[in-house]
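# Descriptive analysis of the structure
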Amino acid sequence: PPPPPAPHLFSDPAEIGALRENLLAWYDRCKRDLPWRTLAATEPDADRRAYAVWVSEIMLQQTQVATVIDYYNRWMQKWPTLQALAQASLEEVNELWAGLGYYSRGKRLQEAAKKVVSELAGQMPRTAEDLQKLLPGVGRYTAGAIASISYGQATGVVDGNVIRVLCRLRCIGADSSSPAVIDRLWDMANRLVDRSRPGDFNQALMELGATVCVPKAPLCGECPVKQHCRARRRKLLGKPTPVPDVEDCGVEGCPLCPPATEPWDSSLGVTNFPRKAAKKQPRAERTATCVLERRGCHGALEYLIVQRPSSGLLAGLWEFPSLQLAQDLQEEKQREVLADHLRVWTGWPVAAGGLQFIGEVIHIFSHIHQTYVVYSLHLDGDVTMDPTLSPSRWVTEEEFHTSAVSTAMKKVL
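Computed from a predicted structure; not experimentally measured.

We now examine the side chain of Ser-56. Structurally, the position occupied by Ser-56 is in helix 3 (residues 46-60). With a relative accessible area of 1%, Ser-56 lands in the buried category. For Ser-56, the side chain forms a polar contact with the main-chain oxygen of Val-53, separated by 2.7 Å. If we skip the residues at most four places from it in the chain, Ser-56 touches Trp-36 and Tyr-72.

So this is what it looks like as C-alpha cells:
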C-alpha cells in the first residue's frame, strides 16, 4: 500500500526529542524495581547481562510480571549463567518451569543456551539481527530487547504494551495484529528509540503500557507523553468534525485508520485504540484422567504418573494416565474406554466398574478449553508399566508437587 499520511507517523524531530526526554525522565522517577532490571543495571559483563535479560523476556511472554518474579529468582539462583543452564537436564528445566505455562519456552531457552556453548564458543550474539537468526525461540521482539538493553544497540521493540501505546499516540485504528500495521509500528519504534539510552527507552515505552496506558481505564492524566497523544486529543475534542483537522488523517483508504464501518465511540475515549481482530474461540476437548494410587512400602499414599511425549502440548511433562475422549461420549462409555486404556498400560485386569468417578476439572489453555473427567482407582500391588510405552513412576504427594507437572494436573489431584 502507499505510505500512510503523516499524521499517523512521528516526523517532527522536535516532537520526537521532546517525547524521548519526557518518557525517559518519567521512567527514571517511576520505574518498578524488578529483579532483572537490577541484574541488568549492576552486571558489568555484557554477556551475563544479556542472559539475565533473555531469561526475563522469555518468562514474561504471555505471563504477568507478578507471577514471573518468583520463577525468575529461583531460575537465576539455580542457573546464574548461560553455561550453567546448558549443563542442566530438560527434566530439571521442566520442574522449575512447572506452573508457569507455555512449557516450550523453557525447552527452547535451554536448547539455545546449549547452542551458544557448543556452537558459538559461549559468546552471545550481540545484534538483534544475529540474536534472531542464531538462537532458537528468540523472535524479533526478544532480540531487540536483549540487543538494546544489554549491548546498547539502537533498535526498537514492539510488544503488546508498545502496540497499545503507539496505536493510541497516533490513532492507528486498523487491525493491530495485521502484518501491515505491525510493520509500521516497528518502523515507528525504530525511529523513536533514543540513541544514547536505547535499552532504557524501550523499557520505558513498555513500562508506560504496563502501568499507565493500560488496556482499560488508562491513567491519561499521569501520562508523561499525553501532549503527543492523538487519541487523547480526539477524546477531549469529541467526535471528529466532517471537515478533517490538520492532525486527522482524512485520506480515503488509509491502511492505518479505523475501518469506516467502525466509527469512533466517544464512550470509549482512548480505549478505541488499538483495534484487534475478533479472537478465535478455543476449541473444547474432554480428557479422561485416572489417579492410580497405592500404599508405598512406608505406608504413605503414592500416585502413578506418566510422562507426556517430547513434542506437542505440555511436552515432556508428567501427568496422571490420561486419554482424550470423543465429544458427547456417555459416562458409561467413558469408563469403558479409560479401563481399556489402563489395562493396556498396566497389564492389570482393570474393570470399568472399579473406576470411581470423582468429578470434572476445567482448565483453559490459550487455544483449548480442556475438561478433565477425573476417576480414581486404588491398587493393592505394584504395577509394572510396559517399557515400550511412556516412562512412569510412583510418587508421594510431596514428590508429585516437586515434579514437572502442569497446573492442570495439580488441580486434578
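The subject of this paragraph is the side chain of Arg-20. Along the polypeptide, Arg-20 turns up in helix 1 (residues 13-30). Look at Arg-20: it is buried, it has no salt bridge, and the nearest opposite charge is Asp-194 at 4.5 Å. Here Arg-191 takes part through its backbone oxygen, which lies 3.1 Å from a polar atom of the side chain of Arg-20.

We now examine unusual backbone geometry. Each neighbour pair has its own omega, and for Phe-273 with Pro-274 the value is -5°, a cis peptide bond. By secondary structure assignment, the location of Pro-274 is in the loop between helix 13 (230-237) and strand 1 (283-295). The phi dihedral of Gln-62 falls on the positive side, at around 65°, and the residue is not glycine. Residue Gln-62 is classed as exposed on the basis of its relative accessible area of 63%. Even without a glycine there, the phi angle at Tyr-102 is positive, about 50°. Residue position: Tyr-102 is located in the loop between helix 6 (90-97) and helix 7 (104-119). Since its relative accessible area comes to 37%, Tyr-102 is described here as partly exposed.

Okay, the nonpolar core next. Residues Tyr-51, Trp-54, Met-59, Trp-75, Met-124 and Leu-208 are the most contacted members of the largest nonpolar core, which totals 103 residues. The element best represented in this core is helix 3, accounting for nine residues. Two domains share this core, each providing at least three of its residues, namely domain 1 (6-272) and domain 2 (283-411). Once residues lying within four places of it in the same chain are set aside, the contact partners of Leu-208 are Leu-23, Trp-26, Val-165, Cys-213, Cys-223, Pro-224 and Val-225. Cys-290, Leu-304, Leu-342 and Leu-355 belong to the second largest nonpolar core, which has 15 residues in total.

Within this structure, the stated rule accounts for six aromatic pairs. The interplanar angle of 75° and the centroid separation of 6.3 Å between the aromatic rings of Tyr-303 and Phe-320 together place this pair among those described as edge-to-face. Placement of Tyr-303 in strand 2 (residues 301-307) and of Phe-320 in the loop between strand 3 (318-319) and strand 4 (322-325) is noted, with a sequence separation of 17 residues between them. Across the pair, Phe-320 and Tyr-303 agree in class, each one buried. Aromatic pair Phe-320 and Phe-400: ring centres 5.2 Å apart, planes at 10°, arrangement stacked. Linking Phe-320 in the loop between strand 3 and strand 4 with Phe-400 in helix 15 (residues 397-402), this pair joins segments that are 80 residues apart in sequence. A residue is classified by how much of its surface remains accessible, and Phe-320, at 0% relative accessible area, is buried. Residue placement shows Arg-170 over the ring face of Phe-10; its charged tip is 3.8 Å from the ring centre.

According to the domain assignment, the protein contains domain 1 (6-272) and domain 2 (283-411). Contacts between domain 1 and domain 2 engage eight residues on the former and 15 residues on the latter. Across the domain 1/domain 2 interface, buried area totals approximately 790 Å², and carbon plus sulfur atoms make up 48% of it. Seen at the junction of domain 1 and domain 2, the total is one salt bridge. Linking Glu-91 and Arg-393 is a salt bridge whose minimum nitrogen-to-oxygen distance equals 3.8 Å. Where domain 1 packs against domain 2, one counts two residue pairs in polar contact (both at pLDDT 80 or more). Here the element with the most residues in the side of domain 1 that touches domain 2 is helix 6; it accounts for three residues.

It is the contact of helix 3 with helix 7, at a shortest axis distance of 10 Å, that shows an interaxial angle of 155°. Classed by the angle they form, the pair helix 3 and helix 7 counts as roughly antiparallel. Handedness of the crossing formed by helix 3 with helix 7: right-handed. In contact with Trp-54, Val-55, Ile-58, Met-59 and Leu-60 of helix 3, helix 7 contributes Arg-105, Leu-109, Ala-112 and Ala-113. Looking at side-chain class alone, the contact of helix 3 with helix 7 contains eight nonpolar, no polar and one charged residues.

Here we come to the packing of helix 2 (residues 35-42) against helix 3. At their nearest, the axes of helix 2 and helix 3 sit 8 Å apart, and the two run at 160° to each other. When the interaxial angle is binned, helix 2 and helix 3 end up roughly antiparallel. Two packed elements cross with a definite hand, and for helix 2 against helix 3 that hand is left-handed. On the side of helix 2, the interface is formed by Trp-36, Leu-39 and Ala-40, while helix 3 contributes Arg-49, Ala-52, Val-53, Ser-56 and Leu-60.

Here the structure, examined in full by the defined rule, presents 16 salt bridges. The partner of Arg-126 in a salt bridge is Asp-47, and the shortest N-O contact between them spans 3.4 Å. One end of the pair, Arg-126, is in the loop between helix 7 and helix 8 (128-134); the other, Asp-47, is in helix 3, and 79 residues separate them in sequence. By relative accessible area, Arg-126 is classed as partly exposed at 44%.

How each quantity is defined
- Residues numbered from 1 in each chain as written.
- Predicted model: local features only at pLDDT ≥ 70, side-chain atom pairs only at ≥ 80, totals over all residues.
- Heavy atoms only, no water.
- Helix = DSSP H or I, 4+ residues; strand = E, 2+ residues; numbered from the N terminus.
- Buried < 20%, exposed > 50% of the residue type's maximum accessible area, 1.4 Å probe, protein only.
- Polar contact = N/O pair within 3.5 Å; in protein donor to acceptor, adjacent residues only side chain to side chain.
- Contact = heavy atoms within 4.5 Å.
- Lys, Arg positive; Asp, Glu negative; His and termini not counted.
- Salt bridge = Lys/Arg side-chain N within 4 Å of Asp/Glu carboxyl O.
- Core = buried A, V, L, I, M, F, W, Y, C linked by side-chain atoms within 4.5 Å.
- Domains from an automatic or database assignment.
- Phe/Tyr/Trp six-rings, centres within 6.5 Å; stacked < 30°, edge-to-face > 60°.
- Lys NZ or Arg CZ within 6 Å of the ring centre and 35° of its normal.
- Buried area = accessible area lost by both parts, 1.4 Å probe.
- Axes fitted to C-alpha atoms, helices over the stretch in contact; angles between N-to-C directions.
- Parallel < 35°, antiparallel > 145°, perpendicular 65-115°, else oblique.
- Left-handed = near helix turned anticlockwise from the far one by under 90°.
- Nonpolar A, V, L, I, M, F, W, Y, C, P; charged D, E, K, R; others polar.

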